[in-house]
Amino acid sequence: MGSKHQSSRFSSSSSSPSICFSNRFSTILTVTILFTSLYLFISPIKHGSEPLARTIMETGFNGDLRDANFPWNSLFFGNNFEKLKLAVFSKTWPIGAAPGGMERHAATLYQALAAKGHEIHVFTVPSDRKPHIDIHQGNLHVYFAANDHGSVNCSLAFEIFNTINANGQFDYVHTESVSLPHWRAKMVPHVAVTWHGIWYEIMHSKLFEELVFNSQETIPKPVSELHEAMPRLVDEIRFFPSYTQHICISKSAGEVLVNIYQLPQRNVHVILNGVDETKFVHDPESGTRFRKKHGIPINASIVMGVAGRLVRDKGHPFLHEAFSKITKTYTGVYLLVAGSGPWGKRYAELGSNVKVLGALEPSELSEFYNAIDVFVNPTLRPQGLDLTLMEAMHCGKPVLTPNYPSIVGSVVVNQSYGYTFSPNVESLVEALKSVIKDGAKVLKNKGIACRQHALSMFTATKMADAYERFFLCMKNDRFCHYPLPTDC
Ligand SMILES: *[C@@H]1O[C@H](CO)[C@@H](O)[C@H](O)[C@H]1NC(C)=O
Ligand SMILES: *[C@@H]1O[C@H](CO)[C@@H](O)[C@H](O)[C@H]1NC(C)=O
Ligand SMILES: *[C@@H]1O[C@H](CO)[C@@H](O)[C@H](O)[C@H]1NC(C)=O
């Protein structure tokens with residue numbers, strides 16, 4: 001599964017004969033294998049039989065949710081009257097409007113679950129590392145238990161935990177990554193962990209960074225980070241069983257936990273992250289205003305956009321080089337760069353086709369997405385899943401991203417939603433050329449498909465519904481059955 005997605009499946013397919021060959025070869029193989037099965041014979045002509053199989057699985061799923069090997073987000077869960085009491089460990093809790101990250105995920109999720117009537121107790125520290133009083137908002141209780149360094153003091157957190165548990169047992173405990181350390185988790189029987197990035201993926205990040213950057217240095221840096229990766233992976237594989245239940249934020253990470261980390265399939269679940277669908281909306285007028293404000297001419301043929309921290313690891317050296325090549329041949333192509341960091345200045349030097357906007361207010365982000373024809377994410381870090389892809393899709397924009405298993409397995413599952421490339425400049429240039437060749441009209445149609453896909457999979461509401469059902473299923477296995485009469 002993972003290796004199948006390693007090759008560039010649907011971007012710039014004309015560029016590389018070997019990719020064409022391997023694609024065709026695998027198609028022939030698939031067709032041959034399925035030859036006797038007449039009704040499956042029709043579908044695999046393009047990408048193998050998997051999309052068909054998946055569609056049948058997800059829409060018609062009937063059975064125990066613990067056996068589902070696809071994202072729970074794709075199911076429709078109805079309301080239930082059973083109420084939960086949950087304990088949550090999170091490394092930090094967001095103070096103010098700082099975007100992104102694991103803590104934003106935790107806040108979005110637990111505010112939603114508290115609003116659904118569940119009693120939520122969060123053990124954490126403030127993200128700004130300053131003293132704050134605990135939060136008690138309706139059913140949501142946030143306890144700040146910091147040590148001298150500003151990180152969670154586990155002993156203190158457990159003192160509070162035990163007091164609340166004595167007043168009525170928690171139904172389940174949830175930890176965002178290792179916020180609850182494994183040696184503590186071992187002592188807590190009902191614990192589920194959400195992994196936001198595992199060392200198996202981080203190892204790939206280190207590998208790509210090494211391949212891309214270290215070859216360019218005159219004095220190569222020591223590859224210590226690379227050497228460190230494998231022992232870290234081994235360590236993880238050894239301690240992961242200390243947690244009972246595992247939730248992954250991409251389909252591919254779930255597969256790695258089963259196939260490489262050897263965790264029981266039934267204890268590994270996929271729930272994709274969601275973004276607030278009310279903040280990221282399709283609004284072409286705001287996009288037009290944004291273009292005008294930032295000096296994009298009306299006759300621009302394609303406007304691309306990139307957002308986030310403008311640092312090396314996020315792949316900006318790639319995009320910088322690829323875009324400077326592209327603008328030599330294609331004149332009407334523009335690039336909007338949102339965010340701050342050392343690469344901002346270098347982008348500005350590329351000339352009038354690049355507009356460097358600096359860091360945007362959270363309220364401006366949706367306008368930014370609406371102003372572009374395609375969102376480009378050149379990241380070199382295949383760990384976790386970037387929320388920006390989902391935000392752009394909610395705004396009705398296709399995406400151009402590396403072909404990492406997490407992305408092609410869960411977000412850009414086929415060419416209806418965008419373009420993918422291998423993490424090198426040549427492949428990125430080819431993908432950019434495909435975007436330009438397709439043109440604004442095709443991009444717009446892909447954008448419509450993206451928005452529908454995002455609304456059906458990547459909303460905060462769908463994420464909260466999936467987690468709610470997960471914890472209900474852990475409390476009482478009656479809820480593990482799908483569909484229940486209350487599901488629609
Ligand atoms: C953590 O909390 C415990 C219990 O309240 C306290 O005794 C200990 O000094 C704290 N540790 C740090 C490093 O702050
Ligand atoms: C857009 O218009 C400007 C001025 O009106 C012109 O100089 C430029 O060549 C045009 N660009 C394209 C891609 O047509
Ligand atoms: C792309 O994937 C979606 C979701 O699985 C599916 O509905 C759609 O038909 C696929 N499109 C193509 C062109 O394969």
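All values derive from a computational prediction rather than experimental measurement.

1. Concerning the overall build of the protein chain
Then step 1. Counting secondary structure elements, the protein chain contains 17 helices and 16 strands.
Then step 2. In the protein chain, which comprises 488 residues, the proportion classed as buried is 43%.
Then step 3. Of all intrachain contacts in the protein chain linking residues separated by at least 6 positions in sequence, the fraction that spans at least 24 positions is 68%.

2. Thoughts on the packing of helix α4 (residues 101-115) against helix α17 (residues 460-475)
Then step 1. Across the interface, α4 lies against α17 with an axial gap of 9 Å and an inter-helix angle of 70 degrees. It follows from the interaxial angle that α4 and α17 lie roughly perpendicular. α4 and α17 meet at a crossing whose hand is right-handed. Together, Thr-108, Leu-109, Ala-112 and Leu-113 of α4 and Ala-460, Met-463, Ala-464, Tyr-467 and Glu-468 of α17 make up the contact between the two elements.
Then step 2. Residue composition of the contact of α4 with α17, by class: 7 nonpolar, 1 polar and 1 charged.

3. Structural notes on the site of ligand 1
Then step 1. Around ligand 1, the neighbouring residues are Asn-147, Asp-148, Asn-153, Ser-155, Leu-156 and Glu-159.
Then step 2. Along the lines of polarity and charge, the residues of the shell around ligand 1 split into 1 nonpolar, 3 polar and 2 charged.

4. Some points on the site of ligand 2
Then step 1. The full set of residues close to ligand 2 is Pro-297, Asn-299, Ser-301, Thr-331 and Gly-332.
Then step 2. Class assignment for the residues of the shell around ligand 2 results in 1 nonpolar, 4 polar and no charged.

5. Comments concerning the packing of helix α10 (residues 284-293) against helix α13 (residues 362-371)
Then step 1. One can describe the packing of α10 onto α13 by two numbers: an axis separation of 7 Å at closest approach and a directional angle of 85 degrees. The angle between the axes of α10 and α13 places the two elements in the roughly perpendicular class. Across the interface between the two elements, Pro-284, Ser-286, Gly-287, Phe-290 and Arg-291 of α10 pack against Glu-367, Phe-368, Asn-370 and Ala-371 of α13.
Then step 2. Per-class residue counts for the contact of α10 with α13 are 4 nonpolar, 3 polar and 2 charged.

6. Details of the sheet that holds strand β3 (residues 119-124)
Then step 1. Spatially, the 8 strands line up as an open sheet ordered β4-β5-β3-β2-β6-β7-β8-β9, and their pairing is mixed. This sheet does not close on itself; its edge strands, each paired only once, are β4 (135-137) and β9 (268-270). Recorded for the sheet is a direction-independent mean angle of 20 degrees between the axes of neighbouring strands.
Then step 2. As paired strands, strand β8 (residues 245-248) and β9 are joined by 3 bridges and run parallel to one another. Directly across from Cys-248, in β9, lies its bridge partner Val-270.
Then step 3. Here α17 sits on the sheet and contacts β2 (85-89), β6 (172-176), β7 (191-195), β8 and β9; the angle it forms with β6, its principal contact strand, is near 140 degrees.

7. Brief notes about the sheet that holds strand β11 (residues 333-338)
Then step 1. Spatial strand order, β12-β11-β10-β13-β14-β15: 6 strands in an open sheet with parallel pairing. Because the sheet does not close on itself, it has two edges, and the strands there are β12 (354-358) and β15 (418-421). Going across the sheet, the axis of each strand differs from the next one's by a mean of 25 degrees, ignoring polarity.
Then step 2. In this fold helix α14 (residues 387-394) packs onto β10 (302-307), β13 (374-376) and β14 (399-402), with an angle of close to 160 degrees to the strand it touches most, β14.
Then step 3. Together, β10, β11, β13, β14 and β15 form the strand contacts of helix α16 (residues 425-457), whose direction differs from that of β15 by roughly 175 degrees.

8. Notes on the environment of Leu-84
Then step 1. Relative to the helices and strands, Leu-84 is located in the loop between β1 (63-64) and β2.
Then step 2. When the 21 C-beta atoms within 10 Å are taken as the criterion, Leu-84 is described as buried.
Then step 3. With 391 residues separating them in the primary sequence, Leu-84 and Lys-475 have C-alpha atoms 8.3 Å apart.
Then step 4. In this structure, Leu-84 is in contact with His-118, Asp-171, Phe-471, Leu-472 and Lys-475, ignoring residues within four places of it in sequence.

9. Side note on the pairing of β7
Then step 1. Where burial is concerned, most of β7 is hidden: 5 out of the 5 residues are buried.
Then step 2. The two faces of β7 match: Val-191, Val-193 and Trp-195 on one face and Ala-192 and Thr-194 on the other face are all buried.
Then step 3. Here β6 pairs with β7 via 4 bridges, running parallel. Looking across to β7, one finds that Thr-175 is bridged to Val-193.
Then step 4. Here β7 pairs with β8 via 4 bridges, running parallel. Paired with Ala-192 across the two strands is Gln-245, which belongs to β8.

10. Some remarks on α14
Then step 1. Among the 8 residues of α14, 8 are classified as buried, and the element is accordingly described as predominantly covered.
Then step 2. Burial in α14 covers these residues: Leu-387, Thr-388, Leu-389, Met-390, Glu-391, Ala-392, Met-393 and His-394.
Then step 3. On its buried side, α14 packs onto β10, α13, β13, β14 and α16.
Then step 4. Phi turns positive one or two residues past the end of α14, at Gly-396, with a value near 80 degrees.

11. Examining the confidence of the model for the protein chain
Then step 1. Taken as a whole, the protein chain shows an average pLDDT of 87; of its residues, 85% reach a score of 70 or greater.
Then step 2. In this model residues 1-57 is a low-confidence stretch, pLDDT under 50, and it forms 58 contacts with partners more than four residues away in sequence or in other chains.

12. Digging into the environment of Pro-94
Then step 1. Here Pro-94 is to be found in the loop between β2 and α4.
Then step 2. Spatially, the C-alpha atom of Pro-94 lies 8.9 Å from that of Val-125, the residues being 31 residues apart in sequence.
Then step 3. Each residue touching Pro-94, except ones within four places of it in the same chain, is listed here: Glu-103, Arg-104, Ala-107 and Ser-127.

13. Re unusual backbone geometry
Then step 1. Between Tyr-482 and Pro-483 the backbone carries a cis peptide bond, its omega angle lying at -10 degrees.
Then step 2. On the secondary structure map, Pro-483 appears in the segment after β16 (481-482).
Then step 3. The residue Arg-129 is not glycine, and still its phi comes out positive at about 60 degrees.
Then step 4. Its location among the elements puts Arg-129 in the loop between β3 and β4.

14. Details of the pairing of β12
Then step 1. One ladder, built from 4 bridges, connects β11 with β12; its direction is parallel. Its bridge partner lying in β12, Val-337 is registered against Val-356.
Then step 2. Regarding topology, helix α12 (residues 343-348) serves as the crossover connection from β11 to the parallel β12, and that connection is right-handed.

Rules used throughout
- Residues numbered from 1 in each chain as written.
- Chains lettered and ligands numbered in written order.
- Predicted model: local features only at pLDDT ≥ 70, side-chain atom pairs only at ≥ 80, totals over all residues.
- Helix = DSSP H or I, 4+ residues; strand = E, 2+ residues; numbered from the N terminus.
- Buried ≥ 20, exposed ≤ 12 C-beta atoms within 10 Å, placed from the backbone.
- Contact = placed C-beta atoms within 7 Å.
- Axes fitted to C-alpha atoms, helices over the stretch in contact; angles between N-to-C directions.
- Parallel < 35°, antiparallel > 145°, perpendicular 65-115°, else oblique.
- Left-handed = near helix turned anticlockwise from the far one by under 90°.
- Nonpolar A, V, L, I, M, F, W, Y, C, P; charged D, E, K, R; others polar.
- Near = placed C-beta within 6 Å.
- Pairing = 2+ DSSP bridges.
- pLDDT = per-residue confidence, 0-100.
- Right-handed = clockwise from strand over helix to strand, strands pointing away.

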